[in-house]
Structure formats: C-alpha cells, structure tokens
Amino acid sequence: MQFLQDLLDDKEPSNRWQDYGTFCDNIKNIDIDLYVKALPELLKNLKSNYPVRNLQIAITREAKEDASFGKEIYLKTLETNNPDSYFTLMDILSGLYHSDQKFAIDEIKRLIEDDNLSLKEIGIKSIVKIDLIAKTTPKTFVSWIEKQFNSIINNETLEELWPSVFFTIRNKRNELKNADRIIDKLSSIKTIEIQLELIYFLDYNIDLENEIHLLKKYLPLLLHINLEHAGAYSQLAYRLENVAKTNLSLVVGFITDWVDMSPENARKIKYFSHLLNTLCDDFYSEFQKLYTNWLNKDNPNFHIAIFEMNSTRYMRGLSGLTVSEVLIKDFSDYDIEYITYKILAYVYDKDTSLSLVYSILEQKVDNKEVVVFLADLFINHLIFNYYSTIEFLNLKKRTANNKLKKILKDIIDEGENKYKAYSDLKNLKEFAPSEQRLIYYNKIQGKKFSKSFKENEIKNPSFFNTLPTINYRAGKSIFTKYRGEYTEKMTPALISHSGEMPRGEFIDPIGQAQERLYWQNFKRRG
C-alpha cells in the first residue's frame with residue numbers, strides 16, 4: 001500500500017490520519033512483507049498518538065477471522081529479530097487464540113521459555129489478552145502459567161521480567177490462583193518499574209469499596225519512589241484524588257508521612273499540588289487541619305512544604321486561608337506562639353500570612369497573653385511592613401464582636417502611630433544603603449536575571465517564539481507582514497500589575513532577615 005511505502009520513503013502524506021484509517025480498515029489486503037518492513041517506522045510515528053490502538057484492533061480482528069493471515073504476519077514479524085516490531089505480537093496472538101488456539105498456546109509457551117528476554121516479556125504479557133477462565137481454555141495451560149510465574153519471581157537472574165509478571169498477574173488476578181501471593185511478593189521491591197505496576201494495581205485492579213485493606217497495606221510502599229520519577233508521582237497523585245473522596249484520612253496520612261521522611265520530599269510538594277488544590281476546594285475544613293497541623297509540627301520538613309505550597313505556581317491562591325478552629329482551640333499558648341512564628345517565617349505571601357494570624361487572634365480573643373503577643377506582631381511586623389494591614393483590620397472590625405473590636409482599635413491606633421513615626425523621619429540614611437552600593441547591587445541582580453532568562457529560554461522556549469515577529473509600527477498601532485500580506489492594524493494594550501512590598505526590606509533588610517532566621521529556628525517552649 002502507498003501509505004506504507006510513503007513511510008519507508010520518509011514522505012509526509014497529505015492526509016496522514018485518513019490514509020492510516022483506510023490502512024487499518026483494509027489490513028487484510030496488505031502486502032505482509034511490506035508491512036513487516038515498514039512496521040518499525042509505523043510504530044515510531046504512532047508511538048505518542050492514541051491511534052496506535054486502531055492498529056492493534058485491526059490486527060487482532062483479522063488474526064481472529066483468518067488464522068493463515070495471523071500466522072504469516074506473526075511469524076514474519078518474529079523473523080525480523082527486531083524488538084521494535086514485537087509490540088504487535090501480543091495482539092496477533094490474541095486473535096490467533098480464537099482461530100487456532102493450539103498454535104497460540106504453543107507460541108506463548110515457546111516465547112516464555114525462550115532465552116531472549118524481549119520475547120519472554122512478549123509471551124508473559126500476551127496472557128493478559130486471553131480469557132483464562134473460559135470453558136475452552138485448557139486447565140493444564142493455566143496451571144503451566146502459574147508454575148512459570150512462580151519460577152520467574154523466585155529467580156533473581158530474571159528480575160527484568162518481574163514487572164511484566166506483575167502487569168499480567170494484576171490484570172489476571174481473578175483468573176490465576178497465585179496472583180495475590182505474587183503481588184504481595186513483588187510489591188515490596190523498590191524499583192520504579194515495580195512501583196509503577198503497584199500504582200496501576202491500586203488504581204485499576206482493586207475494588208476500593210470492598211478492598212480498602214489492600215490500599216492500606218500497599219500504599220505505604222509507595223513512600224519511597226525516587227523523586228526523579230515525576231511521572232510516577234503524577235499517576236499516584238491522580239489515584240489519591242479518587243481515594244480522597246471516600247478515605248480522606250488515608251490520603252492525608254500518606255502525604256504527611258511522605259513529607260516527614262526528608263526535606264527533599266518537602267521541597268517537591270508540588271508533585272501533589274493538584275491533589276492539595278482538590279482538598280482545598282472540596283474538603284476545605286480538612287485542608288485547614290492539614291495546614292494547621294503541619295505548621296505545628298516540630299519537624300522542619302513540614303515548614304519547608306508550607307513554604308513551597310505558598311510559593312509554587314501550581315498551587316491555588318491561599319490568600320484567605322485560616323487556621324483550623326477545631327484544632328486551634330486545644331492549642332496551648334506555647335503552641336500558638338510556635339505556629340505564629342512559623343507563619344511569619346515561611347508564609348511570605350502577605351495576604352495569606354495576615355489571614356492566618358488574624359484567624360488565630362479571632363479564636364483566642366479571650367486569652368490575654370495571646371492577644372498581647374499577637375498585637376505586638378501586628379504592630380511591629382505586619383503593619384510596619386504593610387500599611388494595608390490597617391485596611392484589612394478596619395474591614396474585620398465591622399463584623400467583629402465588641403471585645404474583638406476594641407482590641408482591633410487599639411492595634412490599629414498603635415500601628416498607625418508607629419507607622420507614621422517611621423514615615424515622618426526626615427532622614428533615613430541610617431537605614432539606607434549608599435547610592436554606590438545600590439548601583440552595584442542592581443548590576444549583580446541584572447546579570448543574574450539575564451542569565452536566568454537565557455537559561456530558561458533554552459529549556460522552556462517562550463510561547464511568543466511561536467508567533468510571527470512584528471517588524472512594523474504606525475504611530476500607536478502595529479502591523480506586520482504575514483504570508484505576503486499586511487495584517488490589520490492593532491493597538492497594543494497596557495498590561496500592568498501592582499503589589500505592596502514589605503517596607504522593612506528597604507529600610508532594614510538585615511534586621512528583617514535576622515527576624516525570619518530567628519522565627520525559622522524557633523523551638524517550641526514549655
């Protein structure tokens with residue numbers, strides 16, 4: 001067929017997917033020699049595209065209807081001795097199992113017993129596509145499979161085949177007597193291939209409603225996935241989102257244990273960002289508990305995770321987040337002191353830290369010692385750095401009870417006075433660096449930014465690189481030449497963003513850094 005010949009000649013067909021669809025629909029009429037020759041190139045083209053399934057279905061269908069076709073295409077594919085072509089062998093054997101069962105069984109046995117590991121793997125995985133509990137399936141064949149799998153998992157020289165056995169056994173769990181025992185044995189092996197199979201097993205092959213005990217048993221084994229395997233974490237996080245709907249405590253416990261293990265894990269909390277966003281959206285009170293508990297942990301890993309959660313672009317905005325009312329009511333004064341310092345040390349976003357600290361004040365309004373402690377932080381840190389804190393407190397004062405309203409008024413008044421005292425100083429040279437130092441600092445920062453931008457452009461090309469370059473201007477409007485024609489004139493819009501910078505970073509950066517360092521290393525008293 002011309003489609004296959006074009007692949008071999010490296011020609012780009014004008015209607016690639018239409019030609020491919022026609023090829024699959026008429027696969028019984030193909031030149032098998034040409035097909036086998038073009039197969040590696042065909043699979044290469046389909047590797048990252050879903051339509052590869054169309055080829056699998058077509059080959060299975062035709063081998064099922066025509067045993068001679070199936071045998072010929074199977075044997076000729078095998079004769080290539082090219083592992084890149086072996087991908088389709090499982091589908092051919094699946095079809096042949098219906099049209100010539102004896103041939104298919106004999107070939108599966110021969111593949112599994114072959115010395116070539118690639119062929120062994122194909123033989124093992126082929127079993128997934130066969131109904132082992134059908135009345136027509138010989139029981140002796142099923143017993144043979146069980147015996148072979150036992151032999152393979154107990155032979156360390158065949159360790160490369162263990163993931164294939166896991167893949168087959170989890171999909172045939174209800175058809176092979178020794179399936180659960182094999183899963184139990186293989187699941188503790190800490191290779192990424194086995195860990196991925198374990199994730200897939202928990203995702204696709206267990207009934208959560210009736211087999212939650214299996215999730216509880218095997219989930220802790222996934223705490224040790226190497227951080228370099230971001231894809232595995234993505235699959236795991238996706239599964240945990242589904243689990244959270246019915247077993248939230250299990251999910252929260254897993255993430256907590258994972259962060260507890262190492263600071264490296266904590267710095268990669270973005271792996272679970274979508275899951276944490278889901279918890280924040282759908283289980284807000286439980287997310288509050290998680291956040292509050294992590295703030296109150298003595299292990300600094302949790303504070304690192306809090307910092308990353310508030311700074312990563314993958315996480316939902318947490319500007320209105322408050323501490324858990326359920327937990328905070330049982331915290332001692334020393335606990336309150338501890339988590340407040342950790343908020344100020346690790347939550348750099350002004351709106352989030354302000355909301356968290358205020359929620360503590362709101363819950364502890366009857367505790368004089370805590371009120372005095374928090375009022376001091378509001379005045380000497382939050383208002384000192386961000387004048388908008390006063391606006392925030394004035395808004396809160398409108399709905400506060402009388403007691404809290406009086407406390408807020410005192411904080412606002414004192415904060416206003418201190419803020420004004422700093423603002424009214426005629427000379428702030430004692431705080432300000434020299435002009436020469438600022439120029440030097442600006443040059444260093446400029447070089448860093450330029451280098452970072454260039455490196456980022458190389459790794460992650462900008463979206464704008466895909467757009468045509470605009471070469472022409474006409475006053476306030478712009479236009480360009482595209483495909484030989486001038487475009488319509490456009491007026492660029494102004495894009496701007498504003499934010500409040502912490503004042504202390506300008507007038508006393510060293511003092512601010514010392515303060516954060518103190519809070520970061522603060523140990524719980526009492």
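The shown structure was predicted, so the numbers you read here are calculated from the model rather than taken from an experiment. (Residues numbered from 1 in each chain as written. Predicted model: local features only at pLDDT ≥ 70, side-chain atom pairs only at ≥ 80, totals over all residues. Heavy atoms only, no water.)

Draft legend 1. Region of interest: the pattern of salt bridges. Tallying each qualifying case throughout the model produces 22 salt bridges. Between Arg110 and Glu107 there is a salt bridge; the shortest N-O distance is 2.8 Å. Here the residue Arg110 and the residue Glu107 both occupy positions in helix 7 (residues 101–113), the gap between them amounting to three residues, near one helical turn. The salt bridge partner of Lys406 is Asp410, with a shortest N-O separation of 2.8 Å. Of this pair, Lys406 and Asp410 both sit in helix 25 (residues 402–423), separated by four residues, roughly a single helical turn. You can call Asp410 partly exposed: its relative accessible area is 38%. In this structure, a network of salt bridges that share partners links the residues Asp33, Glu72 and Lys76. (Salt bridge = Lys/Arg side-chain N within 4 Å of Asp/Glu carboxyl O. Helix = DSSP H or I, 4+ residues; strand = E, 2+ residues; numbered from the N terminus. Buried < 20%, exposed > 50% of the residue type's maximum accessible area, 1.4 Å probe, protein only.)

Draft legend 2. Expanded view of unusual backbone geometry. The phi dihedral of Asp10 is positive, around 60°, even though this residue is not glycine. Looking at the element boundaries, Asp10 is found in the loop between helix 1 (2–8) and helix 2 (16–25). A residue is classified by how much of its surface remains accessible, and Asp10, at 67% relative accessible area, is exposed. For Asn81, which is not a glycine, the phi torsion comes out positive at approximately 55°.

Draft legend 3. Seen up close, the packing of helix 7 against helix 8 (residues 117–126). Between helix 7 and helix 8, the shortest axis-to-axis distance is 6 Å and the interhelical angle comes to 140°. Of the possible angle classes, the one that applies to helix 7 and helix 8 is oblique. Of the two possible hands of crossing, helix 7 and helix 8 adopt the one that is left-handed. Contact with helix 7, carried on its side by Ile108, Leu111, Ile112 and Glu113, involves Leu119, Lys120, Ile122, Gly123, Ile124 and Ser126 of helix 8 and no other residues of that element. When the residues that make up the contact of helix 7 with helix 8 are grouped by side-chain class, the tally is six nonpolar, two polar and two charged. (Axes fitted to C-alpha atoms, helices over the stretch in contact; angles between N-to-C directions. Parallel < 35°, antiparallel > 145°, perpendicular 65-115°, else oblique. Left-handed = near helix turned anticlockwise from the far one by under 90°. Contact = heavy atoms within 4.5 Å. Nonpolar A, V, L, I, M, F, W, Y, C, P; charged D, E, K, R; others polar.)

Draft legend 4. Highlighting the confidence of the model for the chain. Looking at the chain as a whole, the pLDDT averages 89, with 90% of positions reaching at least 70. Considering each helix and strand of the chain separately, the mean pLDDT is smallest for strand 1 (residues 472–474), with a value of 53, and largest for helix 10 (residues 162–171), with 98. (pLDDT = per-residue confidence, 0-100.)

Draft legend 5. Spatial organisation of the side chain of Arg503. Relative to the assigned elements, Arg503 resides in the loop between strand 4 (485–486) and helix 27 (504–507). Of the polar contacts made by the side chain of Arg503, one reaches the backbone oxygen of Phe384; its length is 3.2 Å. (Polar contact = N/O pair within 3.5 Å; in protein donor to acceptor, adjacent residues only side chain to side chain.)

Draft legend 6. A look at helix 8. Inspection of helix 8 places Leu119, Lys120, Ile122, Gly123, Ile124 and Ser126 among the buried residues, and these make up the whole buried set. Buried residues along helix 8 sit against helix 5 (67–79), helix 6 (89–99), helix 7, helix 9 (139–153) and helix 10. Capping the start of helix 8, Asn116 holds a side-chain oxygen 2.8 Å from the backbone nitrogen of Ser118, two or three residues further along.

Draft legend 7. Main features of the side chain of Thr137. As for its placement among the helices and strands, Thr137 is situated in the loop between helix 8 and helix 9. In contact with Thr137, other than residues within four places in its own chain, are Tyr97, Gln101, Asp131, Leu132 and Val142.

Draft legend 8. View of the packing of helix 9 against helix 11 (residues 179–186). Running from N to C, helix 9 and helix 11 cross one another at 15°; their axes reach a closest spacing of 11 Å. When the interaxial angle is binned, helix 9 and helix 11 end up roughly parallel. Seen along the crossing, helix 9 lies across helix 11 with a hand that is left-handed. When helix 9 is examined against helix 11, the residues Phe149, Asn150 and Ile153 are found in contact with a partner set consisting of Arg181, Ile182, Lys185 and Leu186.

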